[in-house]
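Here's the letter readout for the chains.
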Amino acid sequence: MKTLMKWGLIAGVVVVLLIVGAIVLVPRFVDVKQYKPKIEELVSEQTGRSFSMGDEIDISVFPWVGVRLSDIRLGSPKGFTSPDMVKVKGFEVRLKVMPLLSRQVQVKTFVVDSPEIYLEKNKAGTGNWEGLGTAGRDKSAEKKTEESGEDRNASGELPIKSLMVDRFSIINGLVVYSDPGAGLTKKLTDFNLDLTEISLDKPFLMELSAKLDEKLFALKTKLQASPSAISLSDGTFTLDDSTLSFAAGIKEFEKPNISFDLNLDQIDLDRYLPGAKAGEGEKAKPGEKKKAESKPAKAGKSSSPDYTALRKMVVDGQVKVGRLKASNITIQDFTAHVTGKNGVFNLDPLSLNLYQGSVAAKAGLDVRKNRPATRLSLDAKGIQAGPLIKDGASMEVIEGTLAAGMNLAMTGDTPEMVKKSLTGKGEVSFTDGAVIGVDLANMVRNVGSKLGVSQTPDQKPRTDFSELKIPFSAGNGLANVQDASLVSPLLRVLVKGSAHLIKETLDFRVDPKFVATLKGQGDTKERSGLMVPVLVTGTFAEPKIRPDLKGMLGKDITDPKKLQQLIQGDGSGQDGKSIEEEAKGLLKGLLGN
């Protein structure tokens with residue numbers, strides 16, 4: 001018995017030695033390069049593209065099964081600038097075979113060296129990536145599979161039990177996207193991705209860096225993934241001189257539960273977002289582009305968006321930004337907290353500081369029904385309107401301290417629905433400011449130009465005011481303005497009327513009244529108040545502003561001496577303009593036209 005066991009043990013050792021010897025020696029004596037043409041032919045058949053590999057091919061089977069390839073090229077179809085769609089300088093992978101039998105993947109190294117990907121569209125708009133892999137596809141087999149509806153993994157489990165990767169790297173990558181028809185070219189260079197100690201059981205480190213159109217960005221975070229959840233922690237993302245600290249997670253993919261915490265120190269979005277600068281481009285002739293834009297869009301027959309995904313979603317996250325610049329407007333201390341569940345989302349609070357003032361707002365979105373319902377409440381105060389408008393619109397229209405408060409609600413997901421359903425009220429006010437472009441005080445001083453009152457043509461005309469208040473309400477497709485007023489040392493202005501939001505038309509009456517004296521403003525001549533009504537009609541894009549002569553003659557000028565003064569020139573303003581024209585200019589200044 002002992003002799004049998006002895007010879008059995010010896011035989012076992014010999015078999016093991018023979019297997020190990022074969023594993024070690026076979027790759028040394030078998031020329032794997034002889035299979036290279038067959039591999040190239042097979043890949044070409046399956047992809048429908050030219051495919052080639054370099055002569056440097058290395059295969060090992062002990063202690064890790066490994067493959068190392070060089071100069072891999074996958075071609076583009078004919079008619080494209082780049083002959084190759086994909087080029088890889090070197091590729092290497094090493095893994096253990098035996099654990100695969102128990103659905104365990106253990107990878108020592110997975111490295112892609114200097115990959116280059118060229119994505120291109122031709123003049124017809126066809127991409128060089130389209131049709132890839134259709135040449136060798138068995139359509140009949142695919143059809144049978146689709147008709148059968150079989151799911152090989154109906155349980156939803158991953159096809160592997162465990163995953164361990166010591167190193168996954170992409171080194172010095174390049175991606176170029178070109179669309180000559182749209183005049184667009186994007187280039188991602190110096191792409192490096194490094195994942196270490198990858199596992200499904202614990203977090204692993206991910207580091208990424210690249211340049212997008214020569215703008216450097218980098219990402220570093222801890223990533224943990226499982227069949228039911230993904231989380232990012234201790235993350236930092238840098239783009240030029242901006243740094244974002246973040247953490248995020250998602251679980252229960254069928255009913256995604258999303259959480260995030262983002263903290264950005266500063267960013268200038270104008271550096272990255274496309275858009276024409278103010279004053280650039282050809283200006284449309286009066287009445288052309290604006291006229292086309294003034295026509296309300298017709299409601300189409302397109303189906304309403306599907307909000308099923310939002311109804312399933314659960315969200316809880318916050319965003320903080322220290323300083324943000326967009327459209328040349330700078331804000332500070334931006335904070336927002338968003339929550340959502342069962343189709344109801346809330347943004348509370350949302351706060352920010354800008355131009356020496358602050359804004360606090362709350363918003364809500366309800367998508368439980370087919371038509372979403374939106375609500376918004378806003379409170380702004382202490383904002384310097386002059387610098388804000390000058391930075392954002394490159395205009396000097398009005399100065400003063402801006403305050404606003406409003407509560408609005410609307411239903412629908414198209415502009416027409418929103419305009420029709422908009423309800424609410426609010427008020428916008430300016431204090432201790434001026435309307436830029438009109439100088440009513442100088443206009444009245446020069447009622448009698450023969451008096452020789454000095455003028456200051458070098459200074460930009462302006463009308464100072466102590467308060468400009470615009471209360472408004474919305475409902476039934478109308479925005480109503482009642483008792484809007486402007487108070488200044490020289491004049492009082494009352495505005496009433498409405499704007500039809502659906503038809504985009506205006507119907508306002510402006511009643512300015514000059515005070516009886518200009519004492520304190522360089523003019524002690526006594527004057528009686530004179531009403532010069534102005535009507536504002538037309539469309540949003542092309543408002544029509546004209547004096548209400550009928551209303552003025554029928555109501556305001558009851559004294560024949562006043563009418564005589566107006567006709568003889570005592571009611572003229574700057575440069576011989578009538579008071580009606582000056583009032584019209586004032587209104588244009590207020591509207592920014």
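Here is what the cut-offs are and how they apply
- Along each chain, numbering runs from 1 in the same order as the chain's sequence is written.
- Per-residue local features are limited, in this predicted model, to residues with pLDDT of at least 70; the limit for side-chain atom pairs, both in listing and counting, is 80 or more; totals at the level of whole chains, interfaces and linings are taken over all residues.
- Calculation of side-chain values draws on the structure's entire complement of heavy atoms; hydrogens and water are dropped beforehand.
- As used here, the term nonpolar core means buried Ala, Val, Leu, Ile, Met, Phe, Trp, Tyr and Cys residues forming a set that is joined through side-chain atoms within 4.5 Å.
- A 1.4 Å probe rolled over the protein chains alone gives each residue an accessible area, and that area as a share of the maximum for its type sets the label: buried under 20%, exposed over 50%, partly exposed in between.
- Strands here are runs of E lasting at least two residues and helices are runs of H or I lasting at least four, both read from the DSSP assignment and numbered beginning at the N terminus.
- By definition, residues are in contact when any of their heavy atoms lie within 4.5 Å.
- Paired rings are identified among Phe, Tyr and Trp, the last through its six-membered ring, by centres lying within 6.5 Å, and are further divided according to the angle between planes into stacked (under 30 degrees), edge-to-face (over 60) and tilted (the rest).
- Being paired, for any two strands, means DSSP has found at least two bridges between them.
- In predicted models, pLDDT denotes the confidence assigned by the predictor to each residue on a 0 to 100 scale.

Participant: What am I meant to see in the nonpolar core here?
Facilitator: Soluble globular proteins tend to pack their nonpolar side chains together in the buried interior. With 41 residues, the main nonpolar core has Leu354 and Ile383 as its most contacted residues. The element contributing the most residues to this core is strand S22 (residues 491–500), with four residues. The residues touching Leu354, leaving out its near neighbours within four places in the chain, are Thr330, Ile331, Gln332, Val359, Ile383 and Leu388. In this structure, Ile57, Ile72, Val165 and Leu223 belong to the second largest nonpolar core, which totals 25 residues.

Participant: Help me out: how do you make sense of the packing of aromatic side chains in this one?
Facilitator: Remark: the centre distance and the inter-plane angle together describe each pair of aromatic rings, the angle taken between the planes. Under the defined criterion, the tally for this structure stands at four aromatic pairs. Between Phe91 and Phe110, the aromatic rings sit 5.4 Å apart at their centres with planes inclined by 80 degrees, giving edge-to-face as the arrangement. Placement of Phe91 in strand S4 (residues 84–95) and of Phe110 in strand S5 (residues 104–120) is noted, with a sequence separation of 19 residues between them. On the basis of relative accessibility, which here comes to 25%, the residue Phe110 falls in the partly exposed class. Taking the centre distance of 6.0 Å and the plane angle of 35 degrees together, the rings of Phe217 and Phe237 count as tilted. Taken together, the positions of Phe217 in strand S9 (residues 215–226) and Phe237 in strand S10 (residues 229–239) put the pair 20 residues apart, joining distant regions of the chain. Residue classification places Phe237 among the partly exposed positions, given a relative accessible area of 26%.

Participant: Would you take a moment to explain the pairing of strand S24 (residues 534–538) for this structure?
Facilitator: Remark: a regular strand shows side chains that alternate across the two faces of the sheet. Examined bridge by bridge, S24 and strand S25 (residues 543–547) share five bridges and lie antiparallel to one another. Considered in S25, the bridge of Leu535 is made with Arg546. Taking the residues between adjacent antiparallel strands as the criterion, S24 and S25 are bridged by four residues.

Participant: Please explain the confidence of the model for the chain as it appears in this structure.
Facilitator: Residues at a pLDDT of 70 or more form 70% of the chain, whose mean pLDDT is 78. Looking at the elements of the chain, mean pLDDT is at its lowest for helix H4 (residues 289–293), recorded as 43, and at its highest for strand S16 (residues 357–366), recorded as 96. Across residues 12–25, confidence stays below pLDDT 50; counting only partners more than four residues off in sequence or on other chains, it has five contacts. Within the model, the stretch residues 566–574 combines pLDDT values under 50 with 23 contacts to residues more than four positions away or in other chains.

Participant: I tried to follow the environment of Thr423 on my own but got confused; where do I start?
Facilitator: Its place among the elements puts Thr423 in strand S19 (residues 423–436). Residue Thr423 is classed as partly exposed on the basis of its relative accessible area of 36%. Taking the C-alpha atoms as reference points, Thr423 and Leu478, 55 residues apart in sequence, are found 8.9 Å from one another. In contact with Thr423, not counting residues within four places along its chain, are Asn407, Leu408, Ala409, Ala474 and Gly475.

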